[in-house]
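# A structural walkthrough
Residues per chain, in single letters:
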Amino acid sequence: MDEIVNGDDTKTATGGGMGTSAMWGGRFSAGPAEIMERINASISFDKRLYKQDIAGSRAHCRMLMDTGVIPRADGEAILAGLVQVLQEIETGRFVFKTALEDIHMNVEARLREIIGPPAGRLHTARSRNDQVATDFRLWTRDAIDGLEGALQGLQRALIDQAEAHADAVMPGFTHLQAAQPVTLGHHLLAYVEMVGRDRGRLRDARARLNESPLGAAALAGTGFPIDRHATATALGFDRPMTNSLDAVSDRDFALEVLSALSICAVHLSRLAEELVIWTSAQFGFVRLSDRFSTGSSIMPQKRNPDAAELVRAKTGRVVGHLNSLLMVMKGLPLAYSKDMQEDKEPVFEAVDTLALCIAAMTGMIGDLTVNRDRLAAAAGAGFSTATDIADWLVRELGMPFRDAHHVTGAVVKLAEARGVGLEDLSLDDLRSVEPRITGGLRLDPAGSAAGRTSFGGTAPDNVRTACAEARIRFLSEDEA
């Protein structure tokens, strides 16, 4: 008897003759309304799961054969038929049918056309509930691996530029006001660290999602003597999920990945914002290549940083997808509800969007031209070496920092009144505020940056060491 078991009214097909309008078997006497077919179908987007779906079916079939649940001859026919289905999809010969709702039923229907009644045995001891949960975890796992590689490429581009500009002095900002001189290399390495945490969050999410729902069936498990550990191992999972209810209803993994993608997108947006500012005529710190710039339809002089602006804007899409799935899941009782069909599009689109943004940012950083003269000229603006005066007073004169801060404020006030920078004040000018100041005080931006030698500081030697260590920490898999 060709029987498909462990289904529910909304998700599981019957094992009898499967027509395109009666996937639920004898329970219904009429087919769905046209609008119901449209709202119910997911094949337009979940066809992306075809590789994972067929891989899961092959693992399930082998397990059913090995445990004696289905005849080995039927299992071999199923395995061969699934190979043909995969080939047809990958060569563009497969016809996806909306009436069959989703990737699972499209594959199974075609399998039945190829091998006949034995195809009906494939769905023994599983439901589309555990099937889709398995497919989705497999797809998300693959997506994480792809994003991790892309993010590593971005880190490589950032480290290369940081190393090349380890001693390029520029203004460091707080509140977008000049604060203290830093080096461009140090600034770029900050994003290397951010991206490193993004990769770590994705790895953490991957580790938690790497449990197999397959064999949980509709919600309660199955009475067949299946081997869930075998299918988990075959699909590269660490273990089967422990609770069948949780296995089919959990989408924490999707939420966690979307959260990690959202944080990553925010990091890319911050870097994009800096590129937009730095490429402006008012700053002129860097120049994007022609490959990542656009012109104006009316102003021939314009070079617009559109790629950076779009990376900044697309962050809203990624964060929006996280919010979308949070709203889907917030009120769902156990176990499966059709609401959860809305889980895949947010993840698919967020992954696509972020992958595009990472590629664009990697290209922009790799092609970046740095105007070191403009950086150096701006490094001393806004009295950015004022803290060096206070530090010198503390270090050389033993002055309490709060007193040194007050004295430094008076020096800044003097320079401001004269319309000059701190480095333009003479020793006599400085002594008019604090008579004990000597000629050992350096107020040039390069000297200021070079003096920041504490661990994690901006001194050029620090930056060069940090670049070398970053290559080991983040790129060692393929470069060290």
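Our structure is the block above this text.
Analysis parameters
Residue positions are given per chain, counting from 1 as you read along its sequence in written order. Local features in a predicted model are, by the rule used here, given only for residues with pLDDT of at least 70; side-chain atom pairs are given and counted only at 80 or more, and totals for whole chains, interfaces and linings are based on all residues. Note that water and hydrogens are dropped before the side-chain values are worked out from all heavy atoms of the structure. Secondary structure follows DSSP: runs of H or I at least 4 residues long count as helices, runs of E at least 2 residues long count as strands, and numbering of each begins at the N terminus. Note on method: radius of gyration uses C-alpha positions; expected globular size equals 2.2 Å times residues raised to 0.38. Each residue is assigned to one of three classes by its accessible area relative to the maximum for its type, calculated with a 1.4 Å probe on protein chains only: buried under 20%, partly exposed between the two thresholds, exposed over 50%. Any pair of residues with heavy atoms lying within 4.5 Å of one another is described as a contacting pair. Accessible areas in this description were obtained via Shrake-Rupley with a 1.4 Å probe; residue shielding takes into account the shown protein chains only. Counting rule for charge: Lys and Arg are taken as positive, Asp and Glu as negative, and neither His nor the chain ends is counted. Charge positions come from single atoms, namely NZ of Lys, CZ of Arg, CG of Asp or CD of Glu. Whenever Lys or Arg places a side-chain nitrogen within 4 Å of a carboxyl oxygen from Asp or Glu, that contact is recorded as a salt bridge. The aromatic pairing rule takes the rings of Phe, Tyr and Trp, using the six-membered ring of Trp, and pairs them if the centres are within 6.5 Å, calling planes under 30 degrees apart stacked, those over 60 edge-to-face and the rest tilted. Ring-over charges, as used throughout, are those where CZ of Arg or NZ of Lys falls within 6 Å of the ring centre and within 35 degrees of the ring normal. What a helix should span is 1.5 Å times the count of its residues minus one. To qualify as a nonpolar core, a set must consist of buried Ala, Val, Leu, Ile, Met, Phe, Trp, Tyr and Cys residues joined through side-chain atoms within 4.5 Å.

The next subject is the overall build of the chain. Within the chain, the regular secondary structure consists of 18 helices and six strands. Its C-alpha atoms give the chain a radius of gyration of 31 Å, clearly above 23 Å, the size a compact globule of 480 residues would have. By principal-axis analysis of the C-alpha atoms, the chain measures approximately 105 × 55 × 40 Å. By the burial criterion, 52% of the 480 residues in the chain qualify as buried. For the chain, the share of sequence-separated contacts (at least 6 apart) that also reach a separation of at least 24 residues comes to 74%. When the accessible surface of the chain is totalled, it reaches about 21,500 Å², and 53% of it is carbon and sulfur. Taking the average place of the 52 positive charges on the side chains of the chain and the average place of its 64 negative ones, the gap between the two points comes to 1 Å.

The tally for this structure, following the rule as stated, stands at 33 salt bridges. Arg-395 is paired through a salt bridge with Glu-396; the nearest N and O atoms lie 3.7 Å apart. A residue is classified by how much of its surface remains accessible, and Glu-396, at 48% relative accessible area, is partly exposed. Among the charged side chains, a salt-bridge network with shared partners connects Glu-88, Lys-97, Arg-110 and Glu-113.

What the rule picks out here adds up to seven aromatic pairs. Ring geometry for Phe-94 versus Phe-96: centroids 4.8 Å apart, planes at 50°, classification tilted. Overall, Phe-94 belongs to the buried group, its relative accessible area being 10%. Plain terms: the ring middles of Phe-136 and Phe-253 are 5.3 Å apart, the flat faces sit at 70° to each other, and that makes the pair edge-to-face. Of the two residues, Phe-136 sits in helix α6 (residues 128–164) while Phe-253 sits in helix α10 (residues 252–278), which places them 117 residues apart along the sequence. Among the residues examined, Phe-253 registers a relative accessible area of 3% and is labelled buried. What links up through ring pairs into an aromatic cluster is the set Phe-136, Trp-139, Phe-253 and Phe-348. The aromatic ring of Phe-348 is capped on one face by Arg-48, whose charged end is 4.8 Å from the ring centroid.

Now for helix α3 (residues 50–66). Note that an α-helix has 3.6 residues per turn; residues three or four places apart therefore point the same way. Taking 1.5 Å as the rise per residue, α3 with 17 residues should run 24 Å; its terminal C-alpha atoms sit 24 Å apart, in good agreement. Every buried residue of α3 is accounted for by Tyr-50, Gln-52, Asp-53, Ile-54, Gly-56, Ser-57, Ala-59, His-60, Cys-61, Met-63, Leu-64 and Met-65. Against α2 (43–46), α4 (72–90), α5 (103–115), α6 and α8 (228–234) lie the buried residues of α3. Two residues or fewer past α3, Gly-68 is found with a positive phi of approximately 75°.

Below, the discussion takes up the side chain of Ser-269. Structurally, Ser-269 is set in helix α10. The contacts of Ser-269, once residues within four sequence positions are left out, are Val-311, Arg-312 and Thr-315.

Attention now moves to the environment of Asp-145. Note that Asp-145 resides in helix α6. Using a relative accessible area of 37% as the deciding quantity, one classes Asp-145 as partly exposed. Measuring from C-alpha to C-alpha, the distance between Asp-145 and Leu-334 comes to 30 Å, with 189 residues separating the pair along the chain.

Time to look at the nonpolar core. Counting 99 residues, the largest nonpolar core has Leu-261, Leu-275, Met-361, Met-364 and Ile-365 as the members making the most contacts within it. At 16 residues, α10 tops the list of elements feeding residues into this core. Contact partners of Leu-275, with chain neighbours within four places excluded, come to Val-286, Ala-308, Met-361, Met-364, Ile-365 and Leu-368.

Moving on, we come to helix α14 (residues 386–397). With twelve residues, α14 should cover 16 Å at 1.5 Å per step; its first-to-last C-alpha distance of 16 Å lies within 8% of that length. Buried within α14 are the following residues: Ala-386, Asp-388, Ile-389, Ala-390, Trp-392 and Leu-393. Buried residues along α14 sit in contact with α15 (401–418) and α17 (445–450). Two residues or fewer after α14 comes Gly-398, characterised by a positive phi angle close to 70°.

Geometry only, nothing functional implied.
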